[in-house]
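Breakdown of the fold
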Amino acid sequence: MTGDAFSAPAAGGQSHVERPPVPALRGLASAVWVQRVGRDAAPYVHRHVPNGAVELVCKVGSAPQVVGPLTEPRAEVLEPGTAVVGVRFLPGAFPAVAGRPVSEMAGLVLDAEELWGRSAAALGEAIGAAASPGEALAALQLHVHRRAGDGMPPDLLVSEAVHGLMPWRTTDVKSLSASLHISETQLRRRCRTAVGLAPKALHRMLRFQGFLALVQQAIAHGRAPTTGGLGLLARRAGYADQPHLTRECVRLTGVPPRAFLAETHRTCADGHDHSASFRPVLRAEPETRWPRPHR
């Protein structure tokens, strides 16, 4: 990856561009990104939504951090001139590079040196010295590649469970444990160790990621996310009805759906590219009777 893959934000604006990870990380990470706030822009409030994933992030010029799977929404203010690179791990994959249960870091933001010592400090220095955001991201991915396999072996049953909990794959965690021939208690214990969350909590977060994927797809095609109605969007995403979506949106974002969607449309319509995240998710959406807006 080069700097050409990540164009600078418009004057006075901000950008967030996601890409698939390098091939060597495809079994560990779901996406990598570069986020930038223009030097003449206002401070940008970034709303982090719980998604079941661990992220390795580094503000250029600062020490890298590990963000454990969020248990509640988190707001972060990015000052003008800030550049951030990051790797989002697949749920359940982080123990392979960390060597510790993810349950110990759920809801926490840790200095990467706590996990990797001097190599994490060297990573921060390499990112700070990079000539472009693409080179900084390459250094971050190289670090993850070098750490891969140093930690705990993957729990293949949890990997299968995570696959089953992805949007549009199951509506019932209990039936999932039965299909895996494991008790709900054992599945909960192993999921907490590898993912940091219980299966039901992870399922709620992943279902909301399906909703976000539909929203980002609409924005990418120049449409308002609520074209066709919020109730229809809720049902397409697997919610029982619009009130069900409202409860989950408030739980996971801190605000009701219409306020969240207005904010998302405003910030993502210009300078954001989340396709590396939403396209793989949408491949699982079944063909339905829902009318689709014209593209």
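Structure first, text after, so check above.
Residues numbered from 1 in each chain as written. Predicted model: local features only at pLDDT ≥ 70, side-chain atom pairs only at ≥ 80, totals over all residues. Heavy atoms only, no water.

**Topic: the overall build of the protein**
Regarding its fold elements, the protein presents twelve helices and nine strands. Whereas a compact globule of 295 residues would reach a radius of gyration of roughly 19 Å, the protein reaches 19 Å, a difference of no more than 12%. Expressed along its principal axes, the backbone C-alpha trace of the protein runs to roughly 50 × 45 × 30 Å. Buried residues in the protein amount to 51% of all 295 residues. (Helix = DSSP H or I, 4+ residues; strand = E, 2+ residues; numbered from the N terminus. Rg over C-alpha atoms; globule rule 2.2 N^0.38 Å. Buried < 20%, exposed > 50% of the residue type's maximum accessible area, 1.4 Å probe, protein only.)

**Remarks on the nonpolar core**
Counting 40 residues, the largest nonpolar core has V195, L202, F208, F211 and F260 as its most contacted members. Elements supplying a minimum of two residues to this core: α5 (156-165), α6 (173-179), α7 (184-195), α8 (199-220), α9 (230-236), α10 (242-253), α11 (257-268) and α12 (275-282). Considering each element in turn, this core owes the most residues, ten residues, to α8. Contacts of F208, omitting those with residues within four sequence positions, involve V49, Y239, L245, C249, L252, T253 and F260. Counting residues in hydrophobic clusters, the runner-up holds 33 residues, among them V17, A29, L110 and W116. (Core = buried A, V, L, I, M, F, W, Y, C linked by side-chain atoms within 4.5 Å. Contact = heavy atoms within 4.5 Å.)

**Considerations on the environment of L176**
By the secondary structure assignment, L176 is in helix α6. For L176, a relative accessible area of 8% translates into the label buried. Through-space distance from the C-alpha of L176 to that of F211 is 21 Å; in sequence the pair is 35 residues apart. Other than its neighbours up to four places away in sequence, L176 contacts A161, G164 and L165.

**Notes on the sheet that holds strand β8 (residues 109-111)**
The strand order β8-β5-β4-β7-β2-β1-β9 describes an open sheet built from seven strands, whose pairing is mixed. Lying at the two open borders of the sheet, with one neighbouring strand each, are β8 and β9 (272-273). Relative to strand β2 (residues 29-37), strand β1 (residues 14-19) runs antiparallel, the two being bridged by six bridges. Looking at β2, one finds that V17 is bridged to V34. Relative to the sheet, helix α4 (residues 133-147) contacts β2, β4 (55-59) and β7 (83-89), its axis offset from that of β7 by approximately 35 degrees. On top of the sheet, α12 reaches β1, β2, β7 and β9; it is set at about 45 degrees to β1, its chief contact. (Pairing = 2+ DSSP bridges. Axes fitted to C-alpha atoms, helices over the stretch in contact; angles between N-to-C directions.)

**Notes on the packing of α5 against α7**
At a minimum axis separation of 10 Å, α5 and α7 run at an interaxial angle of 95 degrees. It follows from the interaxial angle that α5 and α7 lie roughly perpendicular. When α5 is examined against α7, the residues L157, V158, A161 and V162 are found in contact with a partner set consisting of L187, R190, C191, A194 and V195. Residues belonging to the contact of α5 with α7 are distributed by class as follows: eight nonpolar, no polar and one charged. (Parallel < 35°, antiparallel > 145°, perpendicular 65-115°, else oblique. Nonpolar A, V, L, I, M, F, W, Y, C, P; charged D, E, K, R; others polar.)

**Digging into α7**
Since the α-helix advances by 3.6 residues per turn, residues separated by three or four positions end up pointing in the same direction. The terminal C-alpha atoms of α7, which comprises twelve residues, lie 15 Å apart, in line with the 16 Å expected from a rise of 1.5 Å per residue. Buried residues of α7: L187, C191, A194 and V195, and no others. The buried residues of α7 occupy an angular sector of 75 degrees when projected down its axis, which confines them to one face. Looking at the buried residues of α7, the elements they touch are α1 (95-98), α5, α6 and α8. (Expected span 1.5 Å × (residues − 1). Arc of directions from axis to C-beta.)

Scope: geometric values only; no functional claims are made or implied.
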